[in-house]
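Structural overview for review
Each chain, letter by letter, is given below.
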Amino acid sequence: MKHFVTFEGIDGSGKSTISKLISEKLRSTGYDVVWTFEPTDSAVGKYVQECIRSQSDPFVISLTFIADRIQHCKKIQQWLDKGKIVLCDRYAESTYAYQAAQLEDQVKNPLKWLQSLSHSRILVPDRTFLFVIDPKASLARIQHRIELIPFERLVFLEKVHRNYLTVSKGKRFVHLDGTKPIDELVRLCYEDILR
Ligand code: ADP
Ligand code: TYD
């Protein structure tokens with residue numbers, strides 16, 4: 001059984017929808033579940049959201065996302081210590097995929113740089129689900145959102161999409177076809193978490 005589970009994918013790939021449904025399903029079976037997300041709603045998390053909105057310097061954005069995560073991990077550890085299942089909508093791979101895309105012309109190996117900054121200070125999830133979807137399809141899903149944030153641009157999301165595929169190799173990761181029906185994706189994740 002997995003206790004700390006993260007959900008990753010480009011904007012509109014279905015992370016929030018699926019992870020919330022899984023959390024309800026686990027709760028209705030009697031499990032004690034915390035559904036959480038990044039950027040968080042802490043002061044640092046809110047500052048990160050402001051940085052994204054105002055298109056701040058990518059270094060500032062990278063460092064604040066990492067700071068938000070290091071703080072978030074203290075809470076996650078407390079929940080895990082109490083025996084809860086923690087489901088997190090976006091986590092470390094979001095930084096590796098998005099900020100590596102932002103920093104590609106500014107740092108020699110952005111991915112390595114970002115990983116070296118944080119990996120010894122954050123928790124490793126038991127499972128990370130990556131929702132794989134073509135950026136055009138995910139953008140079509142979210143085009144109705146009133147205030148489209150600057151990140152939600154096709155060219156950028158295509159880079160992010162490629163970075164996600166690069167960083168999500170290894171036993172911890174499960175790639176899911178994000179265009180499958182919602183109930184099937186929920187069932188696949190749910191069964192995997194309890195296995
Ligand atoms: P994210 O959290 O990855 O940005 P959301 O969960 O907000 O994505 O989903 C974006 C939109 O796509 C929502 O309108 C949601 O209902 C829809 N959606 C999510 N998953 C699926 C799916 N598997 N099939 C069809 N529509 C989906
Ligand atoms: P979020 O609200 O989860 O967006 P969505 O629901 O559209 O998937 O995240 C806001 C934006 O922040 C999103 O475009 C992804 C970006 N982000 C990063 O660039 N780096 C990170 O480390 C995280 C956690 C999010």
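Keep in mind it's a predicted model, so treat the numbers as computed, not measured. What you see as residue numbers is a count from 1 along each chain, following the sequence as written. Just so you know, chain letters begin at A and ligand numbers begin at 1, following the order they were written in. Local features in a predicted model are, by the rule used here, given only for residues with pLDDT of at least 70; side-chain atom pairs are given and counted only at 80 or more, and totals for whole chains, interfaces and linings are based on all residues. Only hydrogens and water are removed before side-chain values are computed, so all heavy atoms of the structure are retained for them.

Below, the discussion takes up empty space enclosed by the protein. Put plainly, a pocket is an open set of points on a 1 Å grid over the protein atoms alone with protein on both sides within 12 Å along at least five of seven lines, a cavity is a set where a 1.4 Å probe fits but cannot get out, and a lining residue has an atom within 4 Å of a point. Grid points are joined across faces, edges and corners, and a volume is the space filled by probe spheres set on the points. This structure, assessed with the given rule, holds one cavity of 30 Å³ or more. In this structure, the largest cavity is lined by Ile-10, Leu-130, Phe-131, Val-132, Ile-133, His-161, Tyr-164 and Leu-165. Taken together, the elements giving at least two residues each to the lining of the largest cavity come down to strand E4 (127–132) and helix H7 (154–167). Working definition: helices are DSSP H or I runs of at least four residues, strands are E runs of at least two. Numbering for both runs from the N terminus.

A few words now on the nonpolar core. One finds Phe-4, Ile-76, Tyr-91, Tyr-96, Leu-114 and Ile-122 to be the most contacted residues of the largest nonpolar core, which totals 18 residues. Elements supplying a minimum of two residues to this core: helix H3 (58–81), strand E3 (85–89), helix H4 (92–102) and helix H5 (110–118). Ranked by residue count, the leading element in this core is H3, at four residues. In this structure, Phe-7, Leu-26, Phe-131 and Leu-185 belong to the second largest nonpolar core, which totals 16 residues. The set of buried Ala, Val, Leu, Ile, Met, Phe, Trp, Tyr and Cys residues whose side-chain atoms join them within 4.5 Å is what this entry labels a nonpolar core. Burial status follows relative accessibility: with a 1.4 Å probe on protein chains alone, a residue under 20% of its type maximum counts as buried, one over 50% as exposed, and anything between as partly exposed.

The next point concerns the pattern of salt bridges. Just to be clear on terms, a salt bridge is a Lys or Arg side-chain nitrogen sitting within 4 Å of an Asp or Glu carboxyl oxygen. All told, the structure shown has 11 salt bridges when counted by the stated rule. Lys-2 serves as the salt-bridge partner of Asp-192, at 3.7 Å between the closest nitrogen and oxygen. Here Lys-2 lies in the segment before strand E1 (4–8) and Asp-192 lies in helix H8 (residues 182–194), a separation of 190 residues in the sequence. Exposure remark for Asp-192: the relative accessible area of 7% places this residue in the buried category. For Lys-2, a relative accessible area of 13% corresponds to the buried category. Close ionic contact of Arg-69 with Glu-38 constitutes a salt bridge, the shortest N to O distance being 2.6 Å. Note that Arg-69 is positioned in helix H3 and Glu-38 in the loop between strand E2 (33–37) and helix H2 (43–53), a separation of 31 residues in sequence. Like Arg-69, the residue Glu-38 is buried in the burial classification. Members of the salt-bridge network, linked through shared partners, are Lys-2, Arg-127, Asp-192 and Arg-195.

Here we take up H5. Every buried residue of H5 is listed here: Pro-110, Leu-111, Leu-114 and Ser-118. Buried residues of H5, viewed axially, fall in a sector of 100 degrees; they line one side. Residue contacts are counted whenever heavy atoms from the two residues lie within 4.5 Å of one another. Elements in contact with the buried residues of H5: H3, H4 and H7. The directions considered for the arc run from the helix axis to the C-beta atoms.

Take the site of ligand 2 next. Being near a molecule or strand, for a residue, comes down to having at least one heavy atom within 4 Å of it. Residues in contact with ligand 2 amount to 16 residues; listed here are only the nearest, Asp-11, Lys-15, Arg-90, Thr-95 and Gln-99. Two N or O atoms count as a polar contact when they lie within 3.5 Å, although within protein this holds only if one can serve as hydrogen donor and the other as acceptor, and sequence-adjacent residues are included solely when both atoms are side-chain atoms. In the environment of ligand 2, an oxygen atom lies 3.1 Å from a nitrogen or oxygen atom belonging to the side chain of Arg-69. In this structure, Gln-99 approaches ligand 2 through a side-chain N or O atom, which is 2.8 Å from a nitrogen atom. Only the protein chains shown count as covering a residue, and every accessible area follows the Shrake-Rupley method with a 1.4 Å probe. Its free accessible area being 550 Å², ligand 2 has 87% of it covered by the protein chains. For the shell around ligand 2, the secondary structure elements donating two or more residues are H3 and H4. Sorting elements by how many residues they give to the shell around ligand 2 places H4 first, with four residues.

This part covers the pairing of E1. Residues in a regular strand project their side chains so that they alternate between the two faces of the sheet. Among the five residues in E1, five count as buried, and that is most of the element. Going residue by residue along E1, you find Phe-4, Thr-6 and Glu-8 tucked away on one face and Val-5 and Phe-7 tucked away on the opposite face as well. For two strands to be treated as a pair, DSSP must find no fewer than two bridges joining them. In this sheet, E3 lies alongside E1 in parallel orientation, the contact comprising four bridges. When the sheet's bridge partners are listed, Phe-4 is paired in E3 with Val-86. The sheet contact formed by E1 and E4 spans four bridges and is parallel. Its bridge partner lying in E4, Val-5 is registered against Arg-127.

Keep in mind that these numbers describe shape and distance, not what the molecule does.
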